[in-house]
Amino acid sequence: MRLANLIPVVLSLLLWALSVGESRATHIVGGEISYTDLGGGLYQIRLTVYRDCGPANVNGTGFDDYAKVGIFDDNGLYELMEVPLSSTNVSMVPVVMTNPCGTPPPDVCVEQAVYFANAFLPAIPQGYTLSYQRCCR
């Protein structure tokens, strides 16, 4: 490759590197979704979402009042549920570390929210897939 051809590439990379600034993020740190078969095609859906509640959460990111849970079958989206959050379902998660070689930072803070909803799902051979996604991860 000739030097004249490299100059635009090097200049572009240099301009890009100079334009990158500091970025900070506070977001969900994990979660799990499960269900309980209540019989007759009725299921209780349980979504547990974990968030950072320590000083690193500079934006004060909280939990959503409603979690949107998608229920999918083989044809795509079967139903989109808005699952409400009750304030009584928000609690702190104790930091337990059993490895003697590691010590968690003193300001580690994790909070959990548990969302519950019931859904009627007729039996189908391929079953259903449940999904939760929060904006802007």
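Cut-offs used in this document
- Residues numbered from 1 in each chain as written.
- Predicted model: local features only at pLDDT ≥ 70, side-chain atom pairs only at ≥ 80, totals over all residues.
- Heavy atoms only, no water.
- Core = buried A, V, L, I, M, F, W, Y, C linked by side-chain atoms within 4.5 Å.
- Buried < 20%, exposed > 50% of the residue type's maximum accessible area, 1.4 Å probe, protein only.
- Helix = DSSP H or I, 4+ residues; strand = E, 2+ residues; numbered from the N terminus.
- Phe/Tyr/Trp six-rings, centres within 6.5 Å; stacked < 30°, edge-to-face > 60°.
- Lys NZ or Arg CZ within 6 Å of the ring centre and 35° of its normal.
- Salt bridge = Lys/Arg side-chain N within 4 Å of Asp/Glu carboxyl O.

**Concerning the nonpolar core**
With 15 residues, the main nonpolar core has Leu47, Val49, Ile71, Met81, Val83, Tyr115 and Ala119 as its most contacted residues. At the level of elements, strand 2 (42-52), strand 3 (66-73), strand 4 (76-84) and strand 6 (110-120) are the ones that each hand at least two residues to this core. By residue number, the principal contributor to this core is strand 6, which donates four residues.

**Structural notes on the packing of aromatic side chains**
Applying the stated criterion to the full structure yields two aromatic pairs. Between tyrosine 35 and tyrosine 43, the aromatic rings sit 5.6 Å apart at their centres with planes inclined by 75°, giving edge-to-face as the arrangement. In this structure, arginine 51 is placed above the aromatic ring of phenylalanine 63, and the distance from its NZ or CZ to the ring centre is 5.4 Å.

**Remarks on the pattern of salt bridges**
A complete count under the given rule lists three salt bridges for this structure. In this structure, aspartate 64 engages arginine 134 in a salt bridge whose closest nitrogen and oxygen atoms are separated by 3.5 Å. One end of the pair, aspartate 64, is in the loop between strand 2 and strand 3; the other, arginine 134, is in the segment after strand 7 (129-132), with 70 residues separating them in the sequence. Arginine 134 sits in the buried class, given a relative accessible area of 18%.

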